[in-house]
Amino acid sequence: MSSVSRLVSSVCKKIIKPYSPTPISLRCHKLSYLDQMVGGIYLPLALFYPKLSNTWSNKPNNVVSQHLEKSLSKVLTNYYPFAGKLNDNISIDCNDSGVEFFITKINCPMSEIFNHPYFEKHNLVYPTEVINNQYTYEGSLAVFQLTHFSCGGIAISMCLSHKVGDGYTFGNFMNHWATIARNPLSSEIYPISPKFDGSFYFPPTKDEDSSNVSNNNIVPQREECVSKGFSISSSKLTALKARVINESKVQNPSDTEVVSAFLYQRAMATKKLVNSSSIRPSLLHQAVNLRPPLPKHTMGNIGCLFSILTKEEKEMDLAQVVSKLRKEKEEVKQKYKNAKIEELLPITLEQYRKANDLLVNNSCYDLYRFSSLITFPSYDVDFGWGKPEKVISPLSTSNPPIKNMFFLMDDKNRDGVNLTCSMKKQDMLAFERDEELLRFASPTS
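Residues numbered from 1 in each chain as written. Predicted model: local features only at pLDDT ≥ 70, side-chain atom pairs only at ≥ 80, totals over all residues. Heavy atoms only, no water.

- In the annotation of an unreviewed UniProt entry, the entry for the chain reads Acylsucrose acyltransferase 2, and the organism field reads Solanum habrochaites.
- If you open the UniProt record of the chain and go to Sequence similarities (unreviewed entry), you find "Belongs to the plant acyltransferase family." (UniProt positions renumbered as here; feature names shortened; annotations may be inferred.)

Spelled out as structure tokens, the structure:
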């Protein structure tokens with residue numbers, strides 16, 4: 001047993017089922033083509049709440065757990081596929097078999113976990129079997145854990161199979177669950193009531209072909225890497241945006257565009273130093289949420305990829321990278337703007353083929369993957385005892401981390417950016433010492 005795992009003093013497991021049975025008409029949830037394409041990795045997210053205040057401060061641990069369990073049961077009625085069983089790569093049998101809910105106690109204060117210089121301790125707030133087997137776990141499609149710390153604080157974590165949803169689905173669920181928990185006696189309707197109708201927009205492949213649907217860009221190979229956290233403050237982000245505005249035609253760069261371009265630029269520059277050579281040709285892959293043009297209430301995997309290619313050192317300029325990102329993103333949006341429903345799948349598959357061809361035809365190039373939950377209200381998830389003090393991104397728990405993967409989130413004040421980077425150890429050593437990076441980003445781990 002490792003010194004980290006010794007901190008866990010008890011683990012209890014329960015099965016939480018939907019409050020109301022799923023209607024027979026909804027029992028078979030067909031996976032969309034995009035659901036079929038993604039790997040079965042579990043996406044993790046953890047929210048940390050300091051010592052509970054107001055009416056919750058003196059309540060025993062079991063009352064907190066019951067509060068979460070009851071509200072979870074209610075929200076699962078709306079998110080019924082989460083409580084079902086995957087049927088190969090074809091459908092989900094929405095049989096209300098339930099989700100796993102773990103309750104643990106950790107013998108240390110909460111601050112020791114999220115202030116620890118290594119991400120290993122973060123994994124204590126997730127169900128151990130899921131984190132250790134993110135691609136092969138055979139339990140429920142959604143798994144939860146409530147962790148009690150010695151200081152009185154708690155962490156609430158969730159691991160969701162990518163087969164039933166993307167980051168947007170994940171975030172919408174967490175906020176929906178918290179809304180029900182805060183207002184258990186209210187009939188308040190959550191603003192985005194879910195519909196699992198992705199297969200209407202992206203029809204699945206024929207049953208007999210479903211096992212062959214895959215995409216190399218969605219199921220990256222695992223390598224031995226290390227992960228580090230950084231933060232970019234509001235003032236530093238403003239300075240980066242000003243540089244882009246002054247040096248390009250992009251006058252309203254988004255946080256995601258600017259931070260992604262900056263990290264990509266610095267990663268390429270430091271890789272050049274590691275190899276003592278000229279710039280290595282590189283690709284930037286970024287996921288795009290397709291809501292809109294698709295309805296915001298559509299859950300599942302609703303997105304596509306776009307890529308930019310950098311071959312020469314003169315293309316590494318920050319403003320130029322942001323301009324390329326904006327141009328590519330606008331071209332993608334234009335393709336979907338007036339598309340008919342039957343055209344959505346062909347357009348999306350063409351985007352994946354384009355990204356995949358870039359990678360296959362340039363296999364010696366470095367690939368950098370970016371994913372962003374910036375603007376998504378992760379820090380608004382209030383179960384009745386206030387908003388989280390810290391939200392930990394999925395990348396920090398990946399086991400092992402994915403090489404050259406970057407995950408972006410808002411900070412607690414919603415005006416800066418927290419980011420997690422994963423690289424090979426020698427690349428990270430150069431990256432985390434890069435003077436230009438450290439002018440704008442501060443290490444958090």
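## Describing the environment of His67
- Note on placement: His67 falls in helix α2 (residues 61-76).
- Classification of His67 by relative accessible area gives buried; the value is 15%.
- Ignoring anything within four residues of it in the chain, the contact list for His67 reads Trp56, Ala181, Phe383 and Trp385. (Helix = DSSP H or I, 4+ residues; strand = E, 2+ residues; numbered from the N terminus. Buried < 20%, exposed > 50% of the residue type's maximum accessible area, 1.4 Å probe, protein only. Contact = heavy atoms within 4.5 Å.)

## Here's the deal with the packing of aromatic side chains
- Within the structure shown, the criterion is met by 23 aromatic pairs.
- Taking the centre distance of 5.0 Å and the plane angle of 90 degrees together, the rings of Tyr79 and Phe173 count as edge-to-face. Residue Tyr79 is found in the loop between α2 and β4 (85-87), and its partner Phe173 is found in helix α5 (residues 167-182); the two are separated by 94 residues along the sequence. Note on accessibility: Tyr79 and Phe173 belong to one class, buried.
- Three or more aromatic residues joined by ring pairs form one cluster here, namely Tyr49, Tyr79, Tyr80, Phe82, Phe144, Phe173, Trp177, Phe196, Phe383 and Trp385.
- In this structure, Lys74 packs its charged tip against the face of Tyr19, placed 5.8 Å from the ring centre. (Phe/Tyr/Trp six-rings, centres within 6.5 Å; stacked < 30°, edge-to-face > 60°. Lys NZ or Arg CZ within 6 Å of the ring centre and 35° of its normal.)

## Here's the deal with the packing of α2 against α5
- Across the interface, α2 lies against α5 with an axial gap of 9 Å and an inter-helix angle of 120 degrees. Looking at the two axes, α2 sits oblique to α5. When the axes of α2 and α5 are compared, the crossing they make is right-handed. Seen from α2, the contacting residues are His67, Leu68, Ser71, Leu72, Lys74, Val75 and Leu76; seen from α5, they are Phe173, His176, Trp177, Ile180 and Ala181.
- Its residues placed into classes, the contact of α2 with α5 shows 8 nonpolar, 3 polar and 1 charged. (Axes fitted to C-alpha atoms, helices over the stretch in contact; angles between N-to-C directions. Parallel < 35°, antiparallel > 145°, perpendicular 65-115°, else oblique. Left-handed = near helix turned anticlockwise from the far one by under 90°. Nonpolar A, V, L, I, M, F, W, Y, C, P; charged D, E, K, R; others polar.)

## With respect to unusual backbone geometry
- For the bond running from Arg291 to Pro292, omega is -10 degrees, close enough to zero to count as cis.
- Structurally, Pro292 is set in the loop between β10 (282-289) and β11 (303-310).
- The phi torsion at Asp88 lies on the positive side, around 50 degrees, for a residue other than glycine.
- Secondary-structure assignment places Asp88 in the loop between β4 and β5 (91-93).

## Considering the pattern of salt bridges
- Here the structure, examined in full by the defined rule, presents 22 salt bridges.
- Between Asp427 and Lys271 there is a salt bridge, and its shortest N-O distance comes to 3.7 Å. Residue Asp427 is located in helix α11 (residues 425-431), and its partner Lys271 is located in helix α8 (residues 255-275); the two are separated by 156 residues in the primary sequence.
- Residue classification places Lys271 among the buried positions, given a relative accessible area of 14%.
- Residue Glu315 is joined to Lys324 by a salt bridge in which the shortest nitrogen-to-oxygen separation is 3.0 Å.
- Residue classification places Glu315 among the buried positions, given a relative accessible area of 17%.
- Look at Lys324 and you get partly exposed, because its relative accessible area is 24%. (Salt bridge = Lys/Arg side-chain N within 4 Å of Asp/Glu carboxyl O.)

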